[in-house]
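Summary of structural features
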Amino acid sequence: MSYLLGFRCATCGATFPPDAVTYTCPHDGSNLDAVYDYARMQRELDPRWIAHDTARAIWHYAPLLPTTLPEAVMQQPTPLSTLGWTPLYRAPRLEQRLGMRALWLKDDTRLPSNSFKDRASAVVIAQAMKMGVHTIAVASTGNAAAALATLCAGTALQAVIFVPQGTPEAKLAGILIHGARVFVVEGSYNDAVAMAAEACTRFGWYNRSTGFNPYTREGKKTAAYEIAEQLALHTPTPTRFRAPDVIVVPVGDGNIISGLHKGFRDLHALGWIDHMPRFIGVTAALAPSLYRAWRAGREDFETIPSQTIASGISVDRPCDGVMALRAVRETGGVFVEASDEAMLTAIHTLAAEAGVFVEPACAAALVGLEESLRRGWIQPDEEVVLQLTGSGFKDVRSALRAARQPTVVRTLEDVARALV
Ligand SMILES: Cc1ncc(COP(=O)(O)O)c(C=O)c1O
Ligand SMILES: [Zn+2]
């Protein structure tokens, strides 16, 4: 049973029944946000019941989602039917160094394709199965495409991928190996976005591109539910869900941050958490479109060529920027910029001090956390969740720039000399 009422345009506020629209607002082309019947959910859903079945991973939140997998697909344990419930763990050494009371890492490098994007692809695939489509296309900086290719493998669905030139090799490998059809677009990520949309229109494919497809945000919100449920396991609450004070998120298109915001908005509207966390969004200094709009207090975005090494957040213009701005503004948060150099340092810090290996885009979150502590935007006694979004194995070249070089030896004496 779905509690989806329909979709609301982020700009003009027009609302549409669930089956009346597929992607964006027919009036102004803006992104749509799924709307739920919270009053009926509140009457009919028991949070203790929602939170009891973690073996079903993201799908145990099906009553809070706009769509779910067909029962026959659900019954088989596959990457698609079991993804989610990634670990939420503390980082005691980082806490100590940063003087913090409680720092949690939500480790979505553990998803099947090693990035957060599996959450969105899974829910879009569920909707594609419901619609009876055969081909799903996506424009991606690499991770969303790898997620789609991974989760389509083993189903009857064909994935078609549009990535920009310069996509890290490991991301390309993680797409190609699953049998997806891949097009490398001569141009930027935003050029790939435009081409994927045109191709979908021309060839009749279903478009999973981030933000443009409203189901991506709905998939991503499952991370918020998991965080709240996992925090409540450590400090039990009657509602089985608990919000942190602050959540720090790397931002490119802005769909991960708007998804997390949506998840906490749902829980708050249902009365299952008692406050909204503050959202800190971290953009790359060399991909400044969204940050400039934030500083200028605007909701429209310039197209500014991105030059960051952080492929995951390398966007010329954010595809879910309006909702990302609202996640931050509505919760009293801030946007912070991260330099490429600082991201490389943060990769090393997270690996050496918290035991987790991430790609540059993901490491941006730690840069934002450190800056926010310095500026007083986060207080040391606040409980903070850092959202980890992508594995370091996705971009080994950047990791090697961040790491200490190995010592080449021939004899044990060489080893002894090196240790002095
Ligand atoms: C590793 C990683 N982190 C963060 C992001 C940013 O997500 P969004 O583009 O939804 O803001 C991405 C997007 O590709 C990513 O791959
Ligand atoms: Zn509209």
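The structure we're discussing is the one just above.
Here we summarise the structure given alongside this text. All residue numbers refer to position in the chain's written sequence, counted from 1. As a convention, the first chain written is A and the first ligand written is 1, with the rest following in written order. Where totals are concerned, whole chains, interfaces and linings use all residues; where local detail is concerned, this predicted model gives features only for residues with pLDDT of at least 70, and gives and counts side-chain atom pairs only at 80 or more.

Let us look at the site of ligand 1. Residues in contact with ligand 1 amount to 19 residues; listed here are only the nearest, Gly252, Asp253, Asn255, Gly312 and Gly390. For the shell around ligand 1, the class distribution of residues is seven nonpolar, ten polar and two charged. Nearness rests on one distance test: the residue's C-beta atom, set from the backbone, must lie within 6 Å of the molecule or strand. Gly is put with the polar residues, along with every residue not named as nonpolar or charged; the nonpolar set is Ala, Val, Leu, Ile, Met, Phe, Trp, Tyr, Cys and Pro, and the charged set is Asp, Glu, Lys and Arg.

This part covers the sheet that holds strand β10 (residues 246-250). Reading across the sheet, the six strands line up as β4-β5-β13-β10-β11-β12 and stay open at both edges, with mixed pairing between neighbours. Two strands lie at the open edges of the sheet, namely β4 (88-90) and β12 (334-338), each paired on one side alone. Here the average twist between neighbouring strands, direction ignored, is 25°. Two strands pair if DSSP finds at least two bridges between them. Comment: elements are numbered from the N terminus, with helices defined as DSSP H or I runs of at least four residues and strands as E runs of at least two. Bridging between strand β11 (residues 278-284) and β12 involves five bridges; their strand directions are parallel. Counted as the bridge partner of Ile280 is Val334 from β12. The contact rule is simple: place each C-beta atom from the backbone, and if two of them lie within 7 Å, those residues are in contact. Each axis is a line fitted through C-alpha atoms, and for a helix only the stretch in contact is used; angles between axes span 0 to 180 degrees, taken between their N-to-C directions. Taken strand by strand, helix α12 (residues 255-269) contacts β10, β11 and β13 (383-388), and its axis lies near 155° from that of β10.

A few words on the packing of helix α13 (residues 289-296) against helix α14 (residues 321-330). Running from amino to carboxyl end, α13 crosses α14 at an angle of 50°, the nearest separation of the two axes being 11 Å. Classified by the angle their axes make, α13 and α14 are oblique. The handedness of the crossing between α13 and α14 comes out as right-handed. For the pair α13 and α14, the contacting residues are Leu290, Ala293 and Trp294 in the first and Gly321, Ala324 and Leu325 in the second. A class-by-class count of the residues in the contact of α13 with α14 yields five nonpolar, one polar and no charged. Under this scheme an angle from 65 to 115 degrees is roughly perpendicular, one under 35 degrees roughly parallel, and one over 145 degrees roughly antiparallel; angles in between are oblique. Handedness of each helix crossing follows the sense of rotation of the near helix against the far helix: counterclockwise by less than a right angle gives left-handed, clockwise gives right-handed.

Turning next to the nonpolar core. Counting 130 residues, the largest nonpolar core has Ile136, Ala363 and Ala364 as its most contacted members. Contacts of Ala364, omitting those with residues within four sequence positions, involve Pro250, Val282, Ala284, Ala310, Ile313, Ala338 and Met343. In this description, a nonpolar core means buried residues of the types Ala, Val, Leu, Ile, Met, Phe, Trp, Tyr and Cys, linked to one another by C-beta atoms lying within 7 Å. Counts of 20 or more other C-beta atoms within 10 Å of a residue's own C-beta define buried residues, counts of 12 or fewer define exposed ones, and intermediate counts define partly exposed ones; C-beta atoms are placed from the backbone.

Now for helix α15 (residues 340-354). Helix length check: α15 (15 residues) gives 20 Å between terminal C-alpha atoms against 21 Å at 1.5 Å per residue, within 8%. Summarising the contacts, the buried residues of α15 are in contact with α5 (92-98), β5 (102-107), β12, α16 (360-375) and α17 (396-402). Gly355 sits one or two residues past α15 and shows a positive phi near 75°. Take the residue count of a helix, subtract one, and multiply by 1.5 Å to get its expected span.

Glancing now at the packing of helix α7 (residues 143-152) against helix α8 (residues 169-176). When two helices pack together, their arrangement is given by the angle between the helix axes and the distance between those axes. Relative orientation of the contacting elements α7 and α8 amounts to 20°, with a least axis distance of 8 Å. Here α8 runs roughly parallel to α7, going by the angle between their axes. The two elements α7 and α8 cross, and the hand of that crossing is left-handed. On the side of α7, the interface is formed by Asn143, Ala145, Ala146 and Ala149, while α8 contributes Lys171, Gly174 and Ile175. Classifying every residue of the contact of α7 with α8 gives four nonpolar, two polar and one charged.

These figures come from the coordinates and say nothing about function on their own.
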